[in-house]
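Each chain, letter by letter, is given below.
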Amino acid sequence: MLELESLTRRFGAVTAVDHVSLKVPAGQMVGIIGRSGAGKSTLLRMINRLQEPSSGRILFEGQDITALRGAALRDWRTSCAMIFQQFNLVQRLDVLTNVLIGRLNRRRGPLSTLTSMLKLFTAEERAMALAALDRFDLVDQALQRAETLSGGQQQRVAIARALLQEPRIILADEPIASLDPRNSRVVMDALRDVNRRDGITVLCNLHHLDTARQYCDRIVAMQQGRIVFDGPPAALTPARVEEIYGVSEEEFEEQARSVPAGLVAAA
């Protein structure tokens, strides 16, 4: 379904993503792991076209995504929803409106911008948003301002907003990096539910190996912009981790825990 062909991104003399080739079949949940600075976030942002590739191609069902412009690119970003580490909610707006924002790219016509600014969403759209919130146990918070929610609740609102886009793919960029263990489990459970129940392909950048093993069908490890491992969770043994990263799994996890939350997003 999704294919990356020698995808590369350079920032001056620095190569953040270095000739990455990857095929992801429909409905798979892929965990992308690696140290901070490995190129994980840059890779996802290129797939969504928030970052332009320096070279290489992105293909989706045979269509060249790297060639899209204008309305076609907007349609791709609708089909390829992005979830960020810091939630990207409009804090002063209520939860329901934040979820409804996911419908904006589905609107067409000269009055679409005006009706969106005035929050004139249809009854059907509101029903969709409430159903998404109910699915993630947030319907009671629908009229609260987003800023009043916990981090875990805000990330589930972001997932609900992504679902309102009716996407084919969800890209989650370190979605639990700033959350405590309990909220991390709740958010990962929500992403796995979306993957399993809706059949949506999920690519998720993660900082911890155990989380990737528990939730993902497949693990891709990156190092210095390159893929250094690609296989099922069972194949990522402690010995393989040490071979890839040059340290034991315990040392790797300790180093991952020591990375400040603000630096994780730059990975």
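This is a predicted model, so every value here is computed, not measured.

Participant: What is the right way to read the layout of surface pockets from this model?
Facilitator: Picture a little ball the size of a water molecule; that probe, rolled over the atoms, points out where space is still empty. By volume, the second largest pocket is sized at about 310 Å³. Counting only elements with at least two residues in the lining of the second largest pocket, the list comes to β6 (80-83) and α6 (151-164). Considering every element that reaches the lining of the second largest pocket, the biggest residue donor is α6, with three residues. Residue composition of the lining of the second largest pocket, by class: nine nonpolar, five polar and two charged.

Participant: Looking at this model, I keep getting lost on α6. Mind explaining?
Facilitator: Three or four residues apart is the spacing at which side chains of an α-helix point the same way, because the helix has 3.6 residues per turn. With 14 residues, α6 extends 20 Å from end C-alpha to end C-alpha; this agrees with the ideal 20 Å at 1.5 Å per step. Burial of α6 is extensive: twelve of the 14 residues sit out of reach of the surface. Turning to α6, its buried residues number three or more, namely Gly152, Gln154, Gln155, Arg156, Val157, Ala158, Ile159, Ala160, Arg161, Ala162, Leu163 and Leu164. Summarising the contacts, the buried residues of α6 are in contact with β6, α3 (95-100), α5 (123-135), β7 (169-173) and α7 (181-198).

Participant: What exactly am I supposed to notice about the packing of aromatic side chains here?
Facilitator: Two descriptors summarise a pair of aromatic rings, namely the distance from one centre to the other and the angle between the planes of the rings. Scanning the entire structure with this criterion turns up one aromatic pair. Arranged with centres 5.2 Å apart and planes meeting at 55°, the rings of Phe60 and Trp76 form a pair that is tilted. Residue Phe60 is located in strand β4 (residues 55-60), and its partner Trp76 is located in helix α2 (residues 70-79); the two are separated by 16 residues in the primary sequence. Assigned by exposure class, Phe60 and Trp76 land together as buried.

Participant: Help me out: how do you make sense of the pattern of salt bridges in this one?
Facilitator: Oppositely charged side chains can pair when the atoms bearing their charge come close. Applying the stated criterion across every chain yields a total of 19 salt bridges. When the shortest N-O distance is used, the salt bridge between Glu5 and Arg57 registers 3.1 Å. Here the residue Glu5 occupies a position in strand β1 (residues 2-11), and Arg57 occupies one in strand β4, the gap between them amounting to 52 residues. For Glu5, a relative accessible area of 27% corresponds to the partly exposed category. On the basis of relative accessible area, Arg57 is assigned to the partly exposed category, the value being 35%. Here Arg213 and Glu249 are joined by a salt bridge, their closest N and O atoms 2.7 Å apart. Here Arg213 is found in helix α8 (residues 209-215), whereas its partner Glu249 is found in helix α10 (residues 249-258), with 36 residues between them in sequence.

Participant: In this structure, what is going on with the side chain of Arg156? I would like to understand it.
Facilitator: With respect to the helices and strands, Arg156 occurs in helix α6. One buried charged residue, Arg156, forms no salt bridge at all, with the nearest opposite charge on Asp137 at 5.0 Å. Apart from the residues within four sequence positions on either side, Arg156 is in contact with Phe136, Asp137, Leu138, Val186, Val187 and Ala190.

Participant: Looking at this structure, I do not really get the pairing of strand β10 (residues 226-231). What am I missing?
Facilitator: One face of the sheet, then the other: side chains in a regular strand alternate in exactly this way. In terms of strand pairing, strand β9 (residues 218-223) meets β10 through five bridges, oriented antiparallel. Paired with Ile219 across the strands is Gly231, a residue of β10. Between β9 and β10, which pair antiparallel one after the other, the connecting turn spans two residues, and Gln224 there sits at a positive phi close to 50°.

Participant: What's the story with the sheet that holds β4 in this structure? I'm lost.
Facilitator: By definition, the strands of a sheet pair up through backbone hydrogen bonds, in either a parallel or an antiparallel sense. Judged by pairing direction, the sheet is antiparallel, and its four strands sit side by side in the order β2-β1-β4-β5 without closing on themselves. Each end of this open sheet is capped by a strand with a single partner; those strands are β2 (14-24) and β5 (63-64). Strand direction decides the pairing type here: β1 and β2, joined by seven bridges, are antiparallel. What sits directly across from Glu3, in β2, is Lys23. Helix α1 (residues 40-47) contacts β1, β2 and β4 of the sheet and is inclined by roughly 120° relative to β1.

Participant: Teacher, can you tell me more about the side chain of Glu249 here?
Facilitator: Note on Glu249: relative accessible area 9%, which makes it buried. A polar side-chain atom of Glu249 sits 2.7 Å from a polar atom in the side chain of Arg213. When residues no more than four places from it in sequence are discounted, the contact partners of Glu249 are Leu209, Asp210, Arg213, Thr237, Pro238 and Val241.

Participant: Sorry if this is basic, but what is going on with unusual backbone geometry here?
Facilitator: Where the residue is not glycine, phi is negative for most of them; where a peptide bond is considered, it is trans in most cases. Its identity is not glycine, yet Arg49 carries a phi of approximately 70°, on the positive side. Note on Arg49: relative accessible area 2%, which makes it buried. In this model, Glu166 sits at a positive phi of 55°, which is unusual for a non-glycine residue. With respect to the helices, strands and loops of the structure, Glu166 is situated in the loop between α6 and β7.

Cut-off values and rules
- Residues numbered from 1 in each chain as written.
- Predicted model: local features only at pLDDT ≥ 70, side-chain atom pairs only at ≥ 80, totals over all residues.
- Heavy atoms only, no water.
- 1 Å grid on protein atoms, 1.4 Å probe; cavity = no way out; pocket = protein on both sides within 12 Å on 5 of 7 lines; lining within 4 Å.
- Points joined across faces, edges and corners; volume = space filled by probe spheres on them.
- Helix = DSSP H or I, 4+ residues; strand = E, 2+ residues; numbered from the N terminus.
- Nonpolar A, V, L, I, M, F, W, Y, C, P; charged D, E, K, R; others polar.
- Expected span 1.5 Å × (residues − 1).
- Buried < 20%, exposed > 50% of the residue type's maximum accessible area, 1.4 Å probe, protein only.
- Contact = heavy atoms within 4.5 Å.
- Phe/Tyr/Trp six-rings, centres within 6.5 Å; stacked < 30°, edge-to-face > 60°.
- Salt bridge = Lys/Arg side-chain N within 4 Å of Asp/Glu carboxyl O.
- Lys, Arg positive; Asp, Glu negative; His and termini not counted.
- Pairing = 2+ DSSP bridges.
- Axes fitted to C-alpha atoms, helices over the stretch in contact; angles between N-to-C directions.
- Polar contact = N/O pair within 3.5 Å; in protein donor to acceptor, adjacent residues only side chain to side chain.

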